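Fold and contact review
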Amino acid sequence: MAPFCWFPGILSLLLVLHWEHGTRSPPPDKVTCTTDRPYSSNFMTQIKNQLEQLNSSANDLLVLYYTAQGELFPSEVDKLCGSHDLTNFPLFHADSTEKDKLLELYRIIAYFNTLLGNIMEDQKTLNPNDQNLHSKLSSTADTIWRLLSNVLYHLCNEYNVGHVDTSFGPNISGKDVFHKKKLSCHLLFKYKQVIDELAQAF
């Protein structure tokens, strides 16, 4: 994955937003939204463009993934990868205010980001030579990080939001190989559906 460049002042905010995942301690009581990066009104345009970019590549990512998992997956896509309920999946309301939509967008993208990282690590072992899949996963993860950064920066500067509660999906690390592949395919199928809804909502 291409290196992610932290914007000045964003690191502490991101750490707070992911505090719950990395430690049992409560998040800090106060979070500053002061940043050194100049703020401009085109952040929403960047967010929209990044959602469109993710949406345009979501189907290709899904196809690359299930094609790499063995003969059974391409022939049984709907059965093995079809949409199923995912643990603690965040809700999204397209008719909400901009602030509420951005908060919900962040929660959803953070959810996908965590599980996408797990998929990337698994595929290094399960399909170490599939460079097309690795490249697609990596570029998707890079765009997701940049999207998260822009959403956070806009929330911070426009709405003075310093903390967002996030939820995390199922842990696939302890599953056998087949169930890892199946659960990951569920995630990417859900990602394809949801990212389309998000792109249209913004």
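Rules of the game
Residues numbered from 1 in each chain as written. Predicted model: local features only at pLDDT ≥ 70, side-chain atom pairs only at ≥ 80, totals over all residues. Heavy atoms only, no water. Helix = DSSP H or I, 4+ residues; strand = E, 2+ residues; numbered from the N terminus. Contact = heavy atoms within 4.5 Å. Areas by Shrake-Rupley, 256 points an atom, 1.4 Å probe, with all protein chains shown as cover. Axes fitted to C-alpha atoms, helices over the stretch in contact; angles between N-to-C directions. Parallel < 35°, antiparallel > 145°, perpendicular 65-115°, else oblique. Left-handed = near helix turned anticlockwise from the far one by under 90°. Nonpolar A, V, L, I, M, F, W, Y, C, P; charged D, E, K, R; others polar. Expected span 1.5 Å × (residues − 1). Polar contact = N/O pair within 3.5 Å; in protein donor to acceptor, adjacent residues only side chain to side chain. Disulfide = S-S within 2.5 Å. Core = buried A, V, L, I, M, F, W, Y, C linked by side-chain atoms within 4.5 Å. Buried < 20%, exposed > 50% of the residue type's maximum accessible area, 1.4 Å probe, protein only. pLDDT = per-residue confidence, 0-100.

**Focus: the overall build of the protein chain**
When its secondary structure is counted, the protein chain shows 8 helices and 0 strands. Start at the N end of the protein chain and walk to the C end: the helices and strands fall as α-α-α-α-α-α-α-α. The long-range fraction of contacts in the protein chain, counting pairs at least 24 apart against all pairs at least 6 apart in sequence, stands at 81%. Within the structure as shown, the protein chain displays about 10400 Å² of accessible surface, and the carbon and sulfur contribution to it stands at 49%.

**Digging into the packing of helix H3 (residues 43-68) against helix H7 (residues 131-159)**
Axis separation between H3 and H7 bottoms out at 9 Å; the angle between their running directions is 155°. With respect to their mutual orientation, H3 and H7 come out roughly antiparallel. Between H3 and H7 the crossing geometry is left-handed. Of the residues in the contact of H3 with H7, the class split is 15 nonpolar, 9 polar and 3 charged.

**A short note on helix H8 (residues 177-201)**
A rise of 1.5 Å per residue sets the reference length of H8, with its 25 residues, at 36 Å; its end C-alpha atoms lie 36 Å apart and thus fit the reference within 8%. You can read the cap of H8 off the contacts: a side-chain oxygen lies 3.2 Å from the backbone nitrogen of Phe178, and it is on Asp176.

**What to know about the state of the cysteines**
Overall, the coordinates contain 1 disulfide when judged by the stated rule. In this model Cys81 forms its disulfide with Cys185; the gap between the sulfur atoms is 1.9 Å. Between Cys81 and Cys185, the S-S dihedral sits near 85°, and the bridge is therefore right-handed. Taken together, the residues Cys81 in helix H5 (residues 77-81) and Cys185 in helix H8 connect sequence positions 104 residues apart.

**Overview of unusual backbone geometry**
You will see that Asn160, though not glycine, has its phi angle at about 55°, which is positive. Within the element layout of this structure, Asn160 appears in the loop between H7 and H8.

**Details of the packing of H3 against helix H6 (residues 98-126)**
It is at 13 Å that the axes of H3 and H6 come closest, and there the two elements cross at 35°. Judged by the twist between their axes, the crossing of H3 over H6 is left-handed. Judged by residue contacts, Met44, Ile47, Leu51 and Tyr65 of H3 engage Glu98, Leu102, Leu105, Ile119 and Gln123 from H6. Here the contact of H3 with H6 is composed, by residue class, of 7 nonpolar, 1 polar and 1 charged.

**Some details on the nonpolar core**
Core analysis: the largest hydrophobic core is formed by 55 residues, its most contacted members being Leu51, Leu105 and Leu198. Where this core is concerned, the elements lending two or more residues are H3, H5, H6, H7 and H8. Apart from the residues within four sequence positions on either side, Leu105 is in contact with Ile47, Leu51, Phe92, Val151, Leu198 and Phe202.

**Observations concerning the confidence of the model for the protein chain**
When pLDDT is averaged across the protein chain, the result is 83; 80% of the residues are at 70 or more. Per-element confidence in the protein chain is highest for H3, whose mean pLDDT is 97, and lowest for helix H2 (residues 19-22), whose mean pLDDT is 37. Across residues 1-30, where pLDDT falls below 50, the model places 52 contacts with residues more than four positions away in sequence or in other chains.

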